Amino acid sequence: MEKEQDKVLREVTESDYKYGFVTEIDADEIPKGLNHETVRLISKKKNEPQWMLDFRLKAFDKWLTMKMPNWAHLNIPEIDYQDIIYYSAPKQEPKYTSLDEIDPEIKATFDKLGIPLDEQKRLSGVAVDVVMDSVSVKTTFQETLAEKGIIFCSFSEAVQNHPDLVKKYMGSVVPYGDNFFAALNSAVFSDGSFCYIPKNVRCPMELSTYFRINAMNTGQFERTLIIAEEASYVSYMEGCTAPMRDENQLHAAIVEIIVMKDAEVKYSTVQNWYPGNKEGKGGVYNFVTKRGICKGENSKLSWAQVETGSAITWKYPSTILKGDNSVSEFYSVALTNNFQQADTGTKMIHLGKNTSSIIVSKGISAGKSENSYRGLVKIGKNAENARNFSQCDSLLLGDKCGAHTFPYIDVENESAIVEHEATTSKISEDQIFYCNQRGIATEEAIGLIVNGYAKEVINKLPMEFAVEAQKLLQISLEGSVG
Amino acid sequence: MLVIKNLHAEISGKKILKGLSLEVKPGEIHAIMGPNGSGKSTLSAVLTGNENFTVTEGEIYYEGKDLFQLNFEERAKAGIFLSFQYPVEIPGVSMINFMKTAVNEQRKSKNLPPMSSGEFLKYMREMKDLVELKSDLANRSVNVGFSGGEKKRNEIFQMAMLKPKLAILDETDSGLDIDALRVVANGVNKLKTPENASIVITHYQRLLDFIVPDFVHVLYDGKIVKSAGKELALELEEKGYNWIQKELEV
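Residues numbered from 1 in each chain as written. Chains lettered and ligands numbered in written order. Predicted model: local features only at pLDDT ≥ 70, side-chain atom pairs only at ≥ 80, totals over all residues. Heavy atoms only, no water.

**Student:** Go over the overall build of chain A with me, naming the residues and quoting the values.
**Tutor:** Within chain A, the secondary structure is distributed over eleven helices and 23 strands. Relative to its 482 residues, chain A shows a buried fraction of 62%. Long-range contacts, defined as pairs at least 24 residues apart, comprise 84% of the intrachain contacts of chain A with a sequence gap of at least 6. (Helix = DSSP H or I, 4+ residues; strand = E, 2+ residues; numbered from the N terminus. Buried < 20%, exposed > 50% of the residue type's maximum accessible area, 1.4 Å probe, protein only. Contact = heavy atoms within 4.5 Å.)

The structure is reproduced here in structure tokens:
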């Protein structure tokens, strides 16, 4: 007889990705392939100033000299960079001032994803920038935010309307030649979000960007730039989905965050790109460079991420703690199932005095997936009294998956205190049986246990996201005990 | 309520139960006593559906239905409750969340709407008082960091919350000091109604000072070899299990 748990495992791991639909819209696409002309064409499409084009070309030349990184615990099939479309925009002039101008198909798409573009329908506490394929289609609540001097717009708009800010900060945290994918992004990025919080302003609502890949054979390369001036505060969230397709799609993004003196930024991600089917076919390659700098004294940057999607994830949201007394936190849940692979973690670079950081990473592996935590804690020469606490837990479901931890610690100052704790556990049959005996079915029991395990991280997410993240964990995993 | 006929069960080829028969009616408390290795815990495992044990022969009817047709959580939803000898720790899952899920799952199976958070918290407070459970246990993760006594009390608390028809207390007295024993027993006594029944599995007589059984059965070598009223427990205490063994040999 098939064991109950195995049955549930089979049923649930075969459950469908519910964001996998495709929207039929006319798209303005450029031909496949990547060369200097492609870069120029993208820049031209976006009507960019010369300095922006120069930045792109510099990055592209750098990229040509670089090789794809191979140090991660990932098995990445060869990617043909000439076989990708680098720009695809829903036809109609992008950037809609009024809702009526938006293609109803696009509107319907985001309604279906639970991201209504209509401000009336949205929870009043969240402003959203919506990016579909290569362009931002709508940013809500811009006027409300502008009253406080907050700039929240697509990256393209920022290039046009706030060139000084973009010029000053773009590439200041993630230089164009930082790594292979950062260079690629810097050359061909098409849009993204820009956010500027002026001095002493507390952003009154959650800001969020919702990324959607729709078009076929298209790579998504967006960048986000967040600047929090002195004593300001903002909470920022990003979410993402993609259609189910048999071929892999490339997503290489950059996020740069600058946090000034006494300012605080919270950055939350719920990453749910299409993970591929249960045989490991298709899915998004998610190669992302996210980095923030705590530039001023007493600044604070918190990362919270729930990663359940993507066929391959390569992502290390990092913080440079430059200002004295600055603080950074990294809370992460990375879940892999079926044939997913994730190599994710963080870097905490302590440069200032009395800086402190906390890393809490919870990996959950199921199916035949591989899940790795990779983290660096670096204490610089001048970082007197720096502190770090790292906790890396792995939870295994079944016996065909892998969990790995690669912590790197590099301390150049003797006054530092660096702690690292790691655990690996399995959901035991006894735990499941205990729940069953109280009337809780195996599926629910696993959801309960996994959410309990991830609670510390989920609690760090903004309310609206936390609920979504909990459901996501349950959907992605229910019953995955073998 | 529960009829066990000629039950044979084994674990990894080793025969443990060898023809056990027992009948439990509503309102009754049955004590099952026996020396180590006689099959006491196997009985509770088979009743709750533990897959490590294989039933090779015999029948169990619960409320007229073939018990073997129900999986674990269906048995729980049908009102069978096991107070575990070794309750499992579930890190990260708060008792509140755990109990709320359990209570609402059981309500769902009875076509009742889920309890609201307000209702639930009130109900939980009442039940906590009933079993004299310290209030902070409810906010901690299920059994994590609980002392032996707290774990057992927590089992009785869950029993109070879930109001089973048939409660099986598997060695609930093991590892308890006399105060904890009293509290646990009080809980069981308070939860007793004419409609529900309990099977108290124990090695020692002392729990039966507090929970007075209607019947005492002696389990020996996989079979019930002697059944009588509560006085049998005292006799056993006095004479020891060797007495039964000798009697059987005669």
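Following the structure, the description resumes.
**Student:** How would you summarise the overall build of chain B if you had to cite specific residues and measurements?
**Tutor:** If you tally the helices and strands in chain B, you get eight helices and twelve strands. Classification of the 250 residues of chain B by burial places 54% in the buried group. Considering only residue pairs separated by 6 or more positions, chain B has 70% of its internal contacts joining residues 24 or more positions apart. Surface accessibility of chain B: about 11000 Å² in total, with carbon and sulfur atoms responsible for 51%. (Areas by Shrake-Rupley, 256 points an atom, 1.4 Å probe, with all protein chains shown as cover.)

**Student:** Describe the environment of Glu238 of chain A, with residues and values.
**Tutor:** All names here are of chain A. Mapped onto the secondary structure, Glu238 falls in strand β9 (residues 233-241). Take Glu238: its relative accessible area is 5%, and that puts it in the buried class. Taking C-alpha positions, Glu238 is 4.8 Å from Thr209, a pair spaced 29 residues apart along the chain. Excluding anything up to four places from it in sequence, Glu238 contacts Thr209, Phe211, Tyr267, Ser268, Thr269, Val270, Lys290 and Phe465.

**Student:** Tell me about the interface of chain A and chain B, and please be specific about residues and values.
**Tutor:** Every contact between the two is made by 19 residues of chain A and, on the other side, 33 residues of chain B. The contact between chain A and chain B buries some 2200 Å² in all, and 63% of this surface belongs to carbon and sulfur atoms. Taken together, chain A and chain B are joined by one salt bridge. At the boundary of chain A with chain B, the tally comes to eleven residue pairs in polar contact (both at pLDDT 80 or more). Element by element, the count of residues in the side of chain A that touches chain B is highest for helix α9 (residues 429-437) of chain A, at seven residues. (Buried area = accessible area lost by both parts, 1.4 Å probe. Salt bridge = Lys/Arg side-chain N within 4 Å of Asp/Glu carboxyl O. Polar contact = N/O pair within 3.5 Å; in protein donor to acceptor, adjacent residues only side chain to side chain.)

**Student:** Give a description of the sheet that holds strand β5 (residues 65-66) of chain B that names residues and reports values.
**Tutor:** Residue and element names in this part refer to chain B. What the four strands build is an open sheet, ordered β2-β1-β4-β5; its pairing is antiparallel. The open sheet terminates on both sides in strands that have one partner only, identified here as β2 (14-24) and β5. For strand β1 (residues 2-11) and β2, the ladder comprises eight bridges, and the chain directions are antiparallel. Along β2, the bridge assignment pairs Ile4 with Leu22. (Pairing = 2+ DSSP bridges.)

**Student:** For the confidence of the model for chain A, give the residues involved together with the corresponding values.
**Tutor:** Low pLDDT means the predicted atomic positions in that stretch should not be read closely. Residues and elements named next belong to chain A. Residues of chain A with pLDDT of at least 70 account for 80%, and the chain-wide mean is 83. Confidence, expressed as mean pLDDT per element, reaches its minimum in chain A at helix α1 (residues 4-13) with 45 and its maximum at strand β16 (residues 318-321) with 97. Every residue in residues 120-124 scores below 50 in pLDDT, and together they form twelve contacts with partners more than four places removed in sequence or on other chains. (pLDDT = per-residue confidence, 0-100.)

**Student:** I'd love a proper account of the sheet that holds strand β12 (residues 223-228) of chain B, names of residues and values included.
**Tutor:** Residue and element names in this part refer to chain B. Strands sit in the order β6-β9-β10-β3-β11-β12 across an open sheet of six strands; the sheet is mixed. Both edges of this open sheet fall to β6 (80-83) and β12, since each of them pairs with a single strand only. Direction aside, the axes of adjacent strands within the sheet are offset by 20° on average. With five bridges joining them, strand β3 (residues 29-33) and strand β10 (residues 197-202) adopt parallel strand pairing. Looking at β10, one finds that Met33 is bridged to Thr202. (Axes fitted to C-alpha atoms, helices over the stretch in contact; angles between N-to-C directions.)

**Student:** Account for helix α6 (residues 178-190) of chain B, naming residues and giving values.
**Tutor:** All names here are of chain B. Along its 13 residues, α6 runs 18 Å from first to last C-alpha, staying within 8% of the 18 Å computed at 1.5 Å per residue. For α6, the elements touching its buried residues are α5 (148-162) and β9 (166-170). Looking at where α6 begins, the residue whose side-chain oxygen comes 3.1 Å from the main-chain nitrogen of Asp179 is Asp177. (Expected span 1.5 Å × (residues − 1).)

**Student:** Report on the pattern of salt bridges, specifying residues and quantitative values.
**Tutor:** A full pass over the atoms with the stated rule returns 26 salt bridges over all chains. We note a salt bridge from Arg387 of chain A to Glu419 of chain A, for which the minimum N-O separation is 2.5 Å. Placement of Arg387 of chain A in strand β21 (residues 387-396) and of Glu419 of chain A in strand β23 (residues 417-426) is noted, with a sequence separation of 32 residues between them. Here Arg387 of chain A falls in the partly exposed class, since its relative accessible area comes to 36%. Between Glu89 of chain B and Lys151 of chain B there is a salt bridge whose closest N-O contact spans 3.4 Å. With Glu89 of chain B in the loop between β6 and β7 (90-94) and Lys151 of chain B in helix α5, this residue pair connects regions lying 62 residues apart in the sequence.

**Student:** Tell me about the packing of α5 of chain B against α6 of chain B, and name the residues and values.
**Tutor:** All names here are of chain B. At a minimum axis distance of 10 Å, the contact between α5 and α6 shows a crossing angle of 5°. One element, α5, and the other, α6, form an angle in the roughly parallel class. Within the contact between the two elements, α5 uses Lys152, Arg153 and Ile156 and α6 uses Ala180, Val183, Val184, Gly187 and Val188. In the contact of α5 with α6, the residues fall into five nonpolar, one polar and two charged. (Parallel < 35°, antiparallel > 145°, perpendicular 65-115°, else oblique. Nonpolar A, V, L, I, M, F, W, Y, C, P; charged D, E, K, R; others polar.)

**Student:** An account of the side chain of Arg56 of chain A is needed here, citing residue identities and associated values.
**Tutor:** Residue and element names in this part refer to chain A. Its place among the elements puts Arg56 in helix α3 (residues 50-64). Reaching out from Arg56, the side chain makes a polar contact with the backbone oxygen of Ala187 at a distance of 3.0 Å. Residues within four places of Arg56 in sequence aside, it is in contact with Val39, Ile42, Ser43, Lys46, Glu48, Ser186, Ala187, Val188 and Phe189.

**Student:** Can you break down the side chain of Ser198 of chain B residue by residue, with the values?
**Tutor:** All names here are of chain B. Considering the arrangement of structural elements, one finds Ser198 in strand β10. Judged by its relative accessible area of 7%, Ser198 falls in the buried class. With residues near it in sequence (within four places) discarded, Ser198 still touches Glu28, Ile29, His30, Ala167 and Leu169.

**Student:** So what's going on with unusual backbone geometry? Which residues, and what values?
**Tutor:** Of all residues except glycine, most have a negative phi; of all peptide bonds, most are trans. A positive phi is found at Asn47 of chain A, a non-glycine position, where the angle reads about 55°. Position of Asn47 of chain A relative to the elements: it lies in the loop between α2 (36-45) and α3. In this structure Asn47 of chain A comes out as exposed when scored by relative accessible area, which is 58%. You will see that Asp221 of chain B, though not glycine, has its phi angle at about 50°, which is positive. Here Asp221 of chain B is to be found in the loop between β11 (215-220) and β12.

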